[in-house]
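The primary structure of each chain is shown beneath.
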Amino acid sequence: MFTQLFGSFLLNKKLVTTEQLMDALNYQSSVRLKLGVLAVNAGYMTAEDIKKVHDVQSKVDKKFGEIAIEMGFLDDEKVNKLLSSQKTGYLLLGQALVDKNYMTMKQFEDAINIYKKEYSLSNDELQSIDNGDFNKVLSSFYGFDNVSQGEVYKNYFSLLFRNIIRFVDASFIPKENKAISNYKYQWMVTQNIFGNIGLDTYICGDEKAFIGFASKFSQENYNQNDEYVQASMGEFLNQINGLFLVNMSNNNVELELTPQAVYSNGVLTELSEAYCITIEFPFGVIDFMISKSN
Amino acid sequence: MSFNSLKVLVCDDSILIRKKLKDFLEECGCSVLEALDGQKAVDIYKEEKPDLVFMDIVMPVKSGIQATEEIIEFDKNAKVVIASSSGTKTHLKQALEAGAYEFVQKPLDEAQIKDILTNYNKEV
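Source: prediction; values computed, not measured.

### Things to note about the overall build of chain A
And step 1. Counting its regular elements, chain A contains 13 helices and seven strands.
And step 2. Structurally, chain A occupies a C-alpha span of about 65 × 40 × 30 Å along its principal axes.
And step 3. When the 294 residues of chain A are sorted by exposure, 41% land in the buried category.

Have a look at this one:
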């Protein structure tokens, strides 16, 4: 998930374009992480050091790690540590952006450092976030400051993002969240969560985005926004909300769901504590929203 | 394994879930009936007496829990599998109290469905 949020950060800083980012997100699954990228991320080497090693490598047939050790940038212990580290999500994105010439290694290094500075993160914290500490990610990226149930919203969106990656598509760009009170939709699926807390949940988009999302989720190839597409959208929302209820139930908060419903071409008004997170997918733009039930 | 003689009622308000479940059950050799809410499930059960019922919980008109209670009241040996996306403690408790044969969390995968059919065959 941090990969997507880091991508969004690069976009907000105008370091890449939407097209470049989407291309890199699609490409990153085939990327193999290079030792140099891992070394920069770990703070063992700078982009300048990497360049020096590459210069030597262009003349000597040796592995990057061997040369870096010989030049005193790394030692055996550090190389082993880097090699044994997990494939790190946002680094794959970085590698993809560098491979595709959308960014230089130096620009990527700077971007990591700016990110760490802006969110006051150490290397270890960044690593733990990338390894899946989703709530921390959301806290650093999305604030729900004026919401009575801010923590619940964070948990909800964290669950939502994880399941989008799991069941729909990992190539997406999450945009900033917006506090809203009105919303005009083309297509909308909605479901109400009630009990000790009352929340209304929504997924909205145009026809093309609904067809794309439903096709991915259901692993079918839908061509038109028919009842199967709408049922798929409803089922995705139902699945997320069902999991949310299970999590809440595990914390001894028992909640219920209404049946999900689909609407077209309407306006939501007087929304209370409502937040909208827009996500850009390769097939279109979808808005995910949550509000306090009136 | 074939389940040729089994008559199964699938009750879910989602056409998508009904279709996926129906397609797979038919592949397994079952004959499948469909209901899109709890009330229709009760009506169809009384008329058709299926061997096994797959029942969603959250549905319009009548919930799956209520429908299960009514089905069990009509036939105390009815085998109703509650399949819900919200496997909360409350739902589990409600399902057991209603007399459900089994409680499973959606989405159901094919292995789960086969297990349910196999267990049913062993028991009956």
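Once you've had a look at it, read on.
### Here we look at the environment of A:G242
And step 1. Mapped onto the elements, A:G242 comes out in helix α13 (residues 227-250).
And step 2. Since 24 C-beta atoms lie within 10 Å of it, A:G242 is described here as buried.
And step 3. Linking A:G242 and A:I193, residues 49 residues apart in sequence, is a C-alpha distance of 9.5 Å.
And step 4. With residues up to four places along the chain from it excluded, the contact list for A:G242 reads B:S84, B:S85, B:S86 and B:K106.

### Section: the interface of chain B and chain A
A common measure of how large an interface is: the accessible area buried when the components associate.
And step 1. Contact residues are listed per partner, giving 17 residues for chain B and 16 residues for chain A.
And step 2. Elements with a contribution of two residues or more to the side of chain B that touches chain A: α1 (15-27) and α4 (89-98) of chain B.
And step 3. The greatest single-element share of the side of chain B that touches chain A, amounting to three residues, is contributed by α1(B).
And step 4. Here the side of chain B that touches chain A is composed, by residue class, of seven nonpolar, seven polar and three charged.

### Considerations on the sheet that holds strand β1 (residues 7-11) of chain B
All names here are of chain B.
And step 1. On the basis of which strands lie adjacent, the open sheet formed by five strands has the order β2-β1-β3-β4-β5 and parallel pairing. Across the chains shown, the open sheet's two edge strands, defined by having one partner strand only, are β2 (31-35) and β5 (102-105). Neighbour-to-neighbour, the strand axes of the sheet open up by a mean angle of 20°, direction not taken into account.
And step 2. Sheet topology places β1 next to β2; five bridges connect them, and they run parallel. In the strand pairing of β2, V8 is matched with V32.

### Concerning the domain arrangement of chain A
Residue and element names in this part refer to chain A.
And step 1. Segmentation of chain A into domains returns domain 1 (2-136) and domain 2 (144-292).
And step 2. Here the C-alpha centroids of domain 1 and domain 2 sit 33 Å apart.
And step 3. Between domain 1 and domain 2, the residue contacts involve twelve residues of the former and twelve residues of the latter.
And step 4. Listed by contribution, the elements that provide at least two residues to the side of domain 1 that touches domain 2 are α1 (2-12), α2 (18-27) and α10 (134-141).
And step 5. Split into classes, the residues belonging to the side of domain 1 that touches domain 2 amount to six nonpolar, six polar and no charged.

### Brief notes about the pairing of strand β6 (residues 272-281) of chain A
Residues and elements named next belong to chain A.
And step 1. Judged from the six bridges that link them, strand β1 (residues 173-180) and β6 form a sheet pairing that is antiparallel. When the bridges of β6 are listed, A179 appears paired with Y275.
And step 2. Here β6 hands over to strand β7 (residues 284-292) after two residues, the two strands then running antiparallel side by side.

About the criteria used
Residues numbered from 1 in each chain as written. Chains lettered and ligands numbered in written order. Predicted model: local features only at pLDDT ≥ 70, side-chain atom pairs only at ≥ 80, totals over all residues. Helix = DSSP H or I, 4+ residues; strand = E, 2+ residues; numbered from the N terminus. Buried ≥ 20, exposed ≤ 12 C-beta atoms within 10 Å, placed from the backbone. Contact = placed C-beta atoms within 7 Å. Nonpolar A, V, L, I, M, F, W, Y, C, P; charged D, E, K, R; others polar. Pairing = 2+ DSSP bridges. Axes fitted to C-alpha atoms, helices over the stretch in contact; angles between N-to-C directions. Domains from an automatic or database assignment.

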